[in-house]
Amino acid sequence: MEYQFSEVESKWQKKWSDDHVYRTSDDDSREKFYCLEMYPYPSGKLHMGHVRNYSIGDVLARFKRRLGFNVLYPMGYDAMGLPAENAAIKMDIDPEEWTLRCIEIMQKQQKRMGFSYDWEHYVNTCLPDYYRWNQWIFLQFYKNGLAYKKKASINWCNSCGTVLANEQVIDGQCWRCDNNVVEKDLEQWFFNIRKYADELLESTEKLTEWPEQVRLMQRNWIGKSIGTEIHFPIADSDYSIPAFTTRPDTLMGVCYLVLAPEYPLIPELIQDSQKKAEIEDFITRARRKSKIERTAEQVEKEGIFIDRYMVHPITGENMPVFIADYVLMDYGTGAVMAVPAHDQRDFEFSKKYDLPIKVVITPDRKDPLKLEDMKEAYVDPGYLINSGEFNGLEHMAAKTNITEKLKEKGLGDFSTTYRIRDWLISRQRYWGTPIPIIYCGKCGIVPVPEDDLPVILPKDAKFTGEGNPLENSPTFKNAICPVCGSDARRETDTMDTFVDSSWYFLRYVSPKLEDKPFDKNLAEKWMPVDHYIGGITHAILHLLYSRFFMKALRDIGLADIDEPFSRLTTQGMVLKEGEVMSKSKGNVVDPGELIETYGADSTRAFMLFAAPPEKEYDWNDAGIHGVSRFLNRIWTLIHEKKELITEYKDKTDSLDLNSKADKQLARVIETTTKHVTESIDHLHFNTGIAALMEFLNEIRDFSIEHPEYADTPSRASLFARAMIRLVSLLNPFAPHITEELWEHMGFEDYLSVSDWPAYDESLMKAEEKTIVVQVNGKVRGNLIIPADLPEEEIKRRAPELDNVQKFISGGIKKIIYVKDRLVNIVV
């Protein structure tokens, strides 16, 4: 009987759906397991990365169900964003229509793969019943000082026509379209994520089941620095410019002050300068560069003197003020005290512009460092020289003493700063959540009343590819002030789509709730997510924002959870010939074609067998053939022995193990069960599937070498036990074929929700073991011995092997035994 995978897979997908097999239970007596993959952007078709991601999650969900856990395993779509808007421009189609069409295609493929989602727990972020709660949460943040508007220098992508958060600028380019990013000044909405910087940083220590790489990336992004803020008065003015430094011990070596091109005080400082036009031209050129260009070590730094001087806060000396492209406004204060002898960037800048360099730290007090001997900045610890009253101090003591001196003078203090900046959420595009704010000429900024939510996207927007379509929609833009009734203007910015994904895992627990974003009691029941699966590319953006949201929602009384995700797995990418798959490169492997050719089970099982989840995998067509053959071999063997298995399926617990072969097969049944159980628990799916392949070989060898088993009840029971166990253990990896075989073997219940098999430790003990025997590290034979033979007896028997004797005639120096593995005879 040939395996018709298409018919079998369709049959079981329908039965699972009709019987609600994967519906989440209300049973609170069972331990909960919330399994979640990062939901996809609905681009229209699954790619191999999706298949890998969802196959990992599905195995875990199926495994935990069968272990007796109450499993929540939902799915939804991150449905807002620029691609839909671009499609609207290109194809003259409504973004919602395009998105819903793509979701329909993707959902059909997900169901075709047999993923065991509870589709009753479903979210779609582009529908008003979801994004109204984005707006509601925004209003709660606004009330609690976590949402605010200010003018800011922002990252702007001309191609996308929108603002980008710092996290969305990668190597100076837009994270989505790869075009160069420039800077602009605009009024923007922000979320106050910096308020949580310390807690976000400190609580990474609690994320013990996250990859250390992800935790390190988040720590680095938060970028906590402990140091001193120093105020530099501007000569002949009332201005004072603060600069943060982690090296106040080098203050006596400051030779000039450097400002970022965006520094807000610059217009006042250069107002009367004869070089004003030249300085403004420099600022324009500097701001056209990306942050990466401006700060890259290999790029030569540029600057300009602005005809102003600052007063050194301790010596009182006047020192020049520069603007330089390498100073950024979004780190520290936007001003840097330049210490060219002890900072390589300042050293190179000083050499280029012939500025003074003063050495104030030396590694050796007896032989002080001399400027003429320096070919680069000295940045290591040491002792202070040329520093007046601080001479001779070790650098750590000097940090404290100099800061205390500044405190006395009112020109500085100990300070902590962070690399992370508040989350800029404004986007100048249509296909996102409208920000629920109205601008009134009389009342100013007015939040939309909660009863008026959702603010729905209009249908009369025109998609031309230029500017924000909402600006050109009078039905949307024109509003009435809810406070005074005057004509008013609606906010036309929409929210960054990462807002959608920062709390969607909470909506899954009660997706149909109409009066709140989520049920607090159900959130307490299900949260945190027990296992979260997704790409490493989201290590900073989505994962950091989700952690911030969880803490913010906690603090305004909506939840009692600190962290959203207990365990995190970041799966590796699927490559083709060493490159990321993309349509432009023509190297895309279509999962749909694989399903049509090999079936869903072969496709998903191969993705799990090919490599460990966290590793990249370079696609090879040959591999899936092997997995397909493996499944077909099981199908064939069970149908050949179907009558025997159905006859003995209820007698597999009464084993009479009289022969060595019987004991060996019984042992393999139990060791394989243990191996596969542990491999799923530790996400070593590839080794688990490999163990099942070896198990099948053991069963086939047993049936071939002992054909009389069919006529021996005890052996027939053992064979049936082996086949039933093989199918049961294979089920999470290949659910369709195993459900069909389970039915063929005479079982009436669903295998997918039957109990996971336990293993019997007493049957796992081998009577014999094979030990490799080496002479000077080279294999010369194998020693088959009783499993409990003492070490001394093993060492005595090893040299007696016939093939070993001829290699040890020169005399034995020593014998090394590696327990249960090998004996090495050194001659």
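Residues numbered from 1 in each chain as written. Predicted model: local features only at pLDDT ≥ 70, side-chain atom pairs only at ≥ 80, totals over all residues. Heavy atoms only, no water.

Taken in spatial order, the 4 strands of this open sheet run 32-31-34-33, and their pairing is mixed. Two strands in the sheet have a free side with no partner beyond their single neighbour: strand 32 (778-786) and strand 33 (814-818). Adjacent strand axes in the sheet meet at a mean angle of 20 degrees when their direction is disregarded. Relative to strand 34 (residues 822-826), strand 31 (residues 768-775) runs parallel, the two being bridged by 4 bridges. Looking across to strand 34, one finds that V775 is bridged to I825. (Pairing = 2+ DSSP bridges. Helix = DSSP H or I, 4+ residues; strand = E, 2+ residues; numbered from the N terminus. Axes fitted to C-alpha atoms, helices over the stretch in contact; angles between N-to-C directions.)

Attention now moves to the sheet that holds strand 6 (residues 162-164). Strands pair in a sheet through their backbones, by hydrogen bonds, and they do so in one of two ways: parallel or antiparallel. Sheet architecture is open: 4 strands sit in the order 6-5-9-19, paired in antiparallel fashion. Only two strands of the sheet have a single partner each, and these edge strands are strand 6 and strand 19 (423-424). Relative to strand 19, strand 9 (residues 181-191) runs antiparallel, the two sharing 2 bridges. Note that in strand 19 the partner of F190 across the bridge is L424. Sheet strands touched by helix 5 (residues 128-143): strand 5 (147-157) and strand 9. Its angle to strand 9, the strand with the most contacts, is close to 80 degrees. (Contact = heavy atoms within 4.5 Å.)

Contact pair helix 3 (residues 82-91) / helix 4 (residues 95-112): the axes reach a minimum separation of 8 Å and the direction vectors enclose 115 degrees. The pairing of helix 3 with helix 4 is recorded here as roughly perpendicular in orientation. Handedness of the crossing formed by helix 3 with helix 4: right-handed. Mapping the contact onto sequence places P83, A84, A87, A88 and M91 in helix 3 and P95, W98 and T99 in helix 4. For the contact of helix 3 with helix 4, the residue count by class is 7 nonpolar, 1 polar and no charged. (Parallel < 35°, antiparallel > 145°, perpendicular 65-115°, else oblique. Left-handed = near helix turned anticlockwise from the far one by under 90°. Nonpolar A, V, L, I, M, F, W, Y, C, P; charged D, E, K, R; others polar.)

Take the layout of surface pockets next. One number sums up the size of the second largest pocket: a volume of about 800 Å³. Those elements that place two or more of their residues in the lining of the second largest pocket are strand 5, strand 9, helix 8 (266-269), helix 9 (276-288), helix 10 (291-295) and strand 19. With 7 residues, strand 5 is the largest single contributor of residues to the lining of the second largest pocket. When its residues are assigned to classes, the lining of the second largest pocket shows 18 nonpolar, 4 polar and 14 charged. (1 Å grid on protein atoms, 1.4 Å probe; cavity = no way out; pocket = protein on both sides within 12 Å on 5 of 7 lines; lining within 4 Å. Points joined across faces, edges and corners; volume = space filled by probe spheres on them.)

Moving on to empty space enclosed by the protein. Per the stated rule, a full pass over the model turns up 2 cavities of 30 Å³ or more. Reported here for the largest cavity is a volume of approximately 70 Å³. Lining the largest cavity are 13 residues, and of these L164, Q168, W175, R176 and R429 sit closest to its centre. Of the residues forming the lining of the largest cavity, the biggest block, 3 residues, is contributed by strand 6. A per-class count over the lining of the largest cavity returns 6 nonpolar, 3 polar and 4 charged. There is about 40 Å³ of room inside the second largest cavity. Around the second largest cavity sit N155, V169, G172, V181, V182, E183, K289, S290 and K291, which together line it.

For the structure on display, the rule yields 47 salt bridges. Residue K551 is joined to E199 by a salt bridge in which the shortest nitrogen-to-oxygen separation is 3.7 Å. Separated by 352 residues along the polypeptide, K551 in helix 16 (residues 541-555) and E199 in helix 6 (residues 197-202) bring together distant segments of the chain. For K551, a relative accessible area of 0% translates into the label buried. (Salt bridge = Lys/Arg side-chain N within 4 Å of Asp/Glu carboxyl O. Buried < 20%, exposed > 50% of the residue type's maximum accessible area, 1.4 Å probe, protein only.)

This part covers a negative patch on the surface. A contiguous patch of negative charge, built from E577, E579, E616 and D618, is present on the exposed surface. Along the chain, the position of D618 falls in strand 30 (residues 617-618). On the accessibility criterion, D618 (36% relative accessible area) is partly exposed. (Patch = residues over 30% accessible without salt bridge, like charges linked within 9 Å, V, L, I, M, F, W, Y side chains within 5 Å. Areas by Shrake-Rupley, 256 points an atom, 1.4 Å probe, with all protein chains shown as cover. Lys, Arg positive; Asp, Glu negative; His and termini not counted. Charge placed at Lys NZ, Arg CZ, Asp CG, Glu CD.)

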